[in-house]
Amino acid sequence: MRSCTIYNYFKFFTRYTSMLRTILILLAFFSQAATAADYACKPTNGTLPLNYAFGDYQITDPEKNTPGTIVPEKTLDSPSATTAITCSCSTTFPNFWLWADTPLTGGSSDGSYVYYDLPGNEYLQAGIQIKSSSDGAFSNVPFGPSPNFTATYPCTGGSIKTGGENTGGQIKISLRIKKSFVGNTIIPNTLLASTYWTIGDTGGTAHGPTAFTNIYVSGNVTVPQNCVINAGTQMVVDLGSFYTGDFSTVGQKPENYTPKTFNVPIKCNDISASANLTLRIQGTPSAGVPDAMQSDNKDIGVVITDSIGNILRPSDASSTIPFLLDTSNSANVTLHAYPVSTTGNTPAEGLFTTLAYLRVDFS
């Protein structure tokens, strides 16, 4: 009988301690969640643009004008500035956290960089790293949160130093050839990355919607290989005269019209005669007939074809004419041109013109 009593008491004690442990664990969990706090910050006076000039770079070895070739990195500074900061909190915190994002696409790793496609540039990709002054390290974009300042910071009335060697101000930039090219390719002032700040205990899981700085980079890359079309001068092709009533069907040339033939002389240097070169057309496609370039007459477009009638679609990088150079590094490419109706409507009488660019590429 006494042993039974001891057994019941022991069983009760075990349940009680188990419940006590559960309560203590829950209290510890809720206590930790309640103390962690992070808040997005924004620039009081709007996003600050930081402009970086990569400068001119020449690839002196034609053999390196190939996809995958990496242009040596450069460390760049922009002028130092100060931006006022406001955070969405109501107390003070010991840490600021840096973030960085990019609007670019097509990221792929190569060496120590992640390279992205440059908008409007089919030949080059860019990799960008941003410095944190807390440890002097450069990090590939995107990243965050990265711990930086440690002190007591209010949610309002503070400021962040940008540019120069300040955190988020100094960058490293590396370019990679995506597609071989002749001559030079220009990078206009292009938004490559943006920096953001948060305040709090851990940095949080996301930055706010407003960037502190927008990082713009410009530059120019040249290879010694070069091709000149028509000695660098404008080519004028006269399509002749025809009746407005001859335009009756969308996409069709006037009745009994013979396409105009013209030759495109090309002269290259530092390029092997056996190099695979192509010629293409860059112009504004007609909305009604994409195979044609739109003229300044809304009802008329102009179609360009190769010597056997294959259409060169305007601004289509895959629509090309291959050609070879002779022993003097020259070539003559024969093209044809003719007007077409782009709407099916009778066009207005008078002169019409259209502008296009001829471009040589490595295929």
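Residues numbered from 1 in each chain as written. Predicted model: local features only at pLDDT ≥ 70, side-chain atom pairs only at ≥ 80, totals over all residues. Heavy atoms only, no water.

**Q** Would you mind going over the environment of isoleucine 199 with me for this structure?
**A** Secondary-structure assignment places isoleucine 199 in strand 13 (residues 184–200). Each C-alpha atom, one on isoleucine 199 and one on alanine 37, is 8.5 Å from the other, the two residues being 162 residues apart in sequence. (Helix = DSSP H or I, 4+ residues; strand = E, 2+ residues; numbered from the N terminus.)

**Q** What is the right way to look at the state of the cysteines in this model?
**A** As used here, a disulfide is simply a covalent bond connecting the sulfur atoms of two cysteines. Inspection of the entire model under this criterion finds 2 disulfides. Across the disulfide, cysteine 41 is cross-linked to cysteine 87 (sulfur-sulfur distance 2.0 Å). Taking the sign of the S-S torsion, about 95° here, the bridge from cysteine 41 to cysteine 87 comes out right-handed. Of this pair, cysteine 41 sits in strand 1 (residues 38–43) while cysteine 87 sits in strand 4 (residues 81–87), placing them 46 residues apart in sequence. We note that cysteine 41, like cysteine 87, is buried. Here cysteine 227 connects covalently by a disulfide to cysteine 268, the sulfurs 2.1 Å from one another. On the sign convention where negative is left-handed, the bridge of cysteine 227 and cysteine 268, at about 105° about the S-S bond, is right-handed. Of this pair, cysteine 227 sits in strand 15 (residues 226–229) while cysteine 268 sits in strand 16 (residues 260–269), placing them 41 residues apart in sequence. Residue cysteine 227 is classed as buried on the basis of its relative accessible area of 13%. (Disulfide = S-S within 2.5 Å. Buried < 20%, exposed > 50% of the residue type's maximum accessible area, 1.4 Å probe, protein only.)

**Q** Please explain the sheet that holds strand 16 as it appears in this structure.
**A** By definition, the strands of a sheet pair up through backbone hydrogen bonds, in either a parallel or an antiparallel sense. The strand order 15-16-21-19-18 describes an open sheet built from 5 strands, whose pairing is antiparallel. Of all the strands in the sheet, just strand 15 and strand 18 (293–294) have a single pairing partner and so form its edges. Of the pairings in the sheet, the one linking strand 19 (residues 300–305) to strand 21 (residues 330–341) comprises 6 bridges and is antiparallel in character. Note that in strand 21 the partner of isoleucine 300 across the bridge is serine 341. (Pairing = 2+ DSSP bridges.)

**Q** What is the right way to look at the pairing of strand 7 (residues 113–118) in this model?
**A** Successive residues of a regular strand alternate their side chains across the two faces of the sheet. Most of strand 7 is tucked away, with 5 of its 6 residues classed as buried. Here 4 bridges tie strand 6 (residues 105–110) to strand 7, and the two strands are oriented antiparallel to one another. Within the sheet, the bridge partner assigned to aspartate 110 lies in strand 7 and is tyrosine 113. Where strand 6 folds back onto strand 7 in an antiparallel hairpin, the turn is made up of 2 residues, including glycine 111, whose phi is positive at roughly 70°. Bridge count for strand 7 against strand 8 (residues 121–131) is 4 bridges, and the pairing is antiparallel. Residue pairing in the sheet places aspartate 117 in a bridge with glutamine 125 of strand 8.

**Q** What should I look at first to understand the sheet that holds strand 20 (residues 321–323) in this one?
**A** The strand order across the open sheet built from 3 strands is 20-17-22, with neighbouring strands paired in antiparallel fashion. Of all strands in the sheet, those with a lone pairing partner are strand 20 and strand 22 (357–362), marking the two edges. Here the average twist between neighbouring strands, direction ignored, is 30°. Pairing of strand 17 (residues 277–282) with strand 20, which is carried by 3 bridges, proceeds in the antiparallel orientation. Looking at the pairing, leucine 279 lines up with isoleucine 321 of strand 20. (Axes fitted to C-alpha atoms, helices over the stretch in contact; angles between N-to-C directions.)

**Q** When you look at the pattern of salt bridges in this model, what are you seeing that I'm missing?
**A** When the charged atoms of two side chains with opposite charge come close together, those side chains can pair. A complete count under the given rule lists 8 salt bridges for this structure. One salt bridge in this structure joins glutamate 122 and arginine 280, with 2.8 Å as the shortest N-O distance. Taken together, the residues span a long stretch of sequence, with glutamate 122 in strand 8 and arginine 280 in strand 17 at a distance of 158 residues. We classify glutamate 122 as partly exposed; its relative accessible area is 26%. For arginine 280, a relative accessible area of 2% corresponds to the buried category. The closest approach of N and O atoms between aspartate 361 and arginine 280, which form a salt bridge, is 2.5 Å. In this pair, aspartate 361 sits in strand 22 while arginine 280 sits in strand 17, placing the two residues 81 residues apart along the sequence. Arginine 280 shares its class with aspartate 361; the two are buried. Here the salt bridges share partners, and the residues they tie into one network are Glu122, Lys179, Arg280 and Asp361. (Salt bridge = Lys/Arg side-chain N within 4 Å of Asp/Glu carboxyl O.)

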